[in-house]
Amino acid sequence: MSAPAEQSGTLERLIEVRGLLSQFGDRVIHENLDLDLERGEVLGVVGGSGAGKTVLLNSIIGLKEPEGGTVRIFGHERSGMTKAQEADIERRTGILFQQGALFSSLSVIDNVASPLIEHTQLSKDVIRELAEMKIAMVGLKPEAHHLKPAELSGGMRKRVGLARALALDPELLFLDEPTAGLDPIGAAAFDDLIRQLSNDLGLTVFMITHDLDSLYAITDKVAVVADKRIVAKAPVQELEQSDHPWIREYFLGPRGRAGKNAA
Ligand SMILES: Nc1ncnc2c1ncn2[C@@H]1O[C@H](COP(=O)(O)OP(=O)(O)OP(=O)(O)O)[C@@H](O)[C@H]1O
């Protein structure tokens, strides 16, 4: 299902946020926040702790109702969507939550199969085959199929979460701090995997991260959440030149230099 807005212009905008207002009680998290994500773009989203990155993600995927402004996804405005449009968008979208959000009582293969069971009418055998393919795609061996999440390392859990996010062949992938909790080698391997998959599958990616190495390794552009809005959206090399105090500190502070030199 596609909307006329998707075909307009040469770039296809998968996400369009305009004038977003997000509040919890009197506390304003976002005010007048604008953000676009074009098809094929790999966007990093950074900002200080509590700046509102996860709230922004939740507003885009429909887990939080905005207090004002508009959120369009695949050309549809979130607030006016029918159930059928919501289901369509859910099928076209994969999400890897920060903690993996795996079902602890289900094996790896059943976790990866769960979106296929929920959203398709495919036979058990086909679902199993597709789940096995996704597991292989994220670099896990068949021996992992029957393990439960508690029996996996943090890096393996992230891979299973990614395989599940990719189960329905999404066009748009949301990642919330995918490398958090991984050691530097595991994080670099995960970065490589995301970059490779986004290239091979032509994915559009919205990735919240604190990890500077990831920004340099995989993003086309980086959006900075500060002062309740997006204060900049540009390739990481351009952001290094920014005058904004938080951006300067982030990229040119001691950890920023370390990230840059490692790239
Ligand atoms: N359900 C909620 N009720 C009340 N306040 C909330 C709720 N969810 C988030 N907040 C507040 O909104 C602000 C932004 O939170 P958010 O989780 O988006 O930050 P973040 O940028 O993702 O931070 P971090 O990098 O630490 O994960 C925080 O101050 C948080 O306390």
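In this text, all values refer to a predicted model and were calculated from it rather than measured experimentally.

This part covers helix α2 (residues 53-61). For an α-helix, the turn length of 3.6 residues means that residues three or four places apart are oriented alike. Along α2, the residues classified as buried are K53, V55, L56, L57, S59 and I60. One or two steps after α2, the chain reaches G62, where phi turns positive at roughly 90°.

Surveying the vicinity of the ligand reveals the residues F24, I29, G47, S49, G50, A51, G52, K53, T54 and V55. When residues of the shell around the ligand are assigned to their parent elements, the largest contribution, three residues, is made by α2. Of the residues in the shell around the ligand, the class split is four nonpolar, five polar and one charged.

Moving on, we get to the confidence of the model for the protein. Taken as a whole, the protein shows an average pLDDT of 88; of its residues, 92% reach a score of 70 or greater. Interface confidence in the predicted complex, given as ipTM, is 0.97; pTM for the same model is 0.89.

The next thing to look at is the environment of I247. With respect to the helices and strands, I247 occurs in helix α10 (residues 245-252). Overall, the presence of 22 C-beta atoms within 10 Å leaves I247 in the buried class. Put simply, I247 and T179 are 68 residues apart on the chain and 21 Å apart in space, counted from C-alpha to C-alpha. Discounting chain neighbours no more than four positions away, the residues touching I247 are V224, A232, L239 and S242.

Looking now at the sheet that holds strand β4 (residues 68-73). Ordered in space as β2-β1-β4-β5, the four strands form an open sheet in which the pairing is antiparallel. Two strands close off the open sheet at either side, each with one partner strand: β2 (27-38) and β5 (76-77).

Parameters and conventions
Residues numbered from 1 in each chain as written. Predicted model: local features only at pLDDT ≥ 70, side-chain atom pairs only at ≥ 80, totals over all residues. Buried ≥ 20, exposed ≤ 12 C-beta atoms within 10 Å, placed from the backbone. Helix = DSSP H or I, 4+ residues; strand = E, 2+ residues; numbered from the N terminus. Near = placed C-beta within 6 Å. Nonpolar A, V, L, I, M, F, W, Y, C, P; charged D, E, K, R; others polar. pLDDT = per-residue confidence, 0-100. Contact = placed C-beta atoms within 7 Å. Pairing = 2+ DSSP bridges.

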